[in-house]
Amino acid sequence: MRVIAELPHPECKITLFNMNQKYIIKFEQGTLEQSYKLSELDLSGGGANEIFQILDEAFIATIVERFKSMRSDFSAAYNRQQY
């Protein structure tokens, strides 16, 4: 897996990877991460720039909200196991 680019964002780390004719977009916030895969064949040849156009602020806002849900879900599961 090869790192292609990193996109700076104040609320999460965004890294773009390339592996086996696929792009992997990884979002990280603390101990949580989300990833999305795109085939190179699904793109028109714009590479990283084309993918960065897909990652608009509306999409990133949903990612950040999902991190909040993930954190809440994990905390609830963890707390259920505490005696």
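Residues numbered from 1 in each chain as written. Predicted model: local features only at pLDDT ≥ 70, side-chain atom pairs only at ≥ 80, totals over all residues. Heavy atoms only, no water.

### Concerning the sheet that holds strand S4 (residues 32-39)
As summarised here, the arrangement of the four strands in space is S1-S2-S3-S4, forming an open sheet in which the pairing is antiparallel. Each of the sheet's edge strands pairs with one partner strand only, and the pair in question is strand S1 (2-7) and S4. Taking the axes of each pair of neighbouring strands and ignoring which way they run, one obtains an average angle of 20 degrees across the sheet. Taken together, the eight bridges between strand S3 (residues 22-29) and S4 define a ladder with antiparallel strand orientation. Bridging from a neighbouring strand, Glu28 pairs with Glu33 of S4. Across the sheet, helix H2 (residues 57-80) is in contact with strand S2 (13-19), S3 and S4; its angle to S4 comes to roughly 140 degrees. (Pairing = 2+ DSSP bridges. Helix = DSSP H or I, 4+ residues; strand = E, 2+ residues; numbered from the N terminus. Axes fitted to C-alpha atoms, helices over the stretch in contact; angles between N-to-C directions. Contact = heavy atoms within 4.5 Å.)

### Some details on the pattern of salt bridges
Across all of its chains, the model carries two salt bridges by this definition. The residue Glu33 makes a salt bridge to Lys26 at a minimum N-O spacing of 3.9 Å. With its nearest N and O atoms 3.1 Å apart, the salt bridge here joins Glu65 to Lys68. Taken together, the residues Glu65 and Lys68, both in helix H2 and three residues apart, mark about one turn of the helix. Its relative accessible area of 47% is what places Lys68 among the partly exposed residues. (Salt bridge = Lys/Arg side-chain N within 4 Å of Asp/Glu carboxyl O. Buried < 20%, exposed > 50% of the residue type's maximum accessible area, 1.4 Å probe, protein only.)

### With respect to the environment of Lys13
Along the chain, Lys13 falls in strand S2. Since its relative accessible area comes to 40%, Lys13 is described here as partly exposed. For the pair formed by Lys13 and Phe67, sequence separation is 54 residues and the distance between their alpha carbons is 12 Å. If near-sequence neighbours (up to four positions away) are discounted, Lys13 is found in contact with Glu6, Lys26, Phe27 and Glu28.

Note that all results are geometric; they support no functional claim without further evidence.
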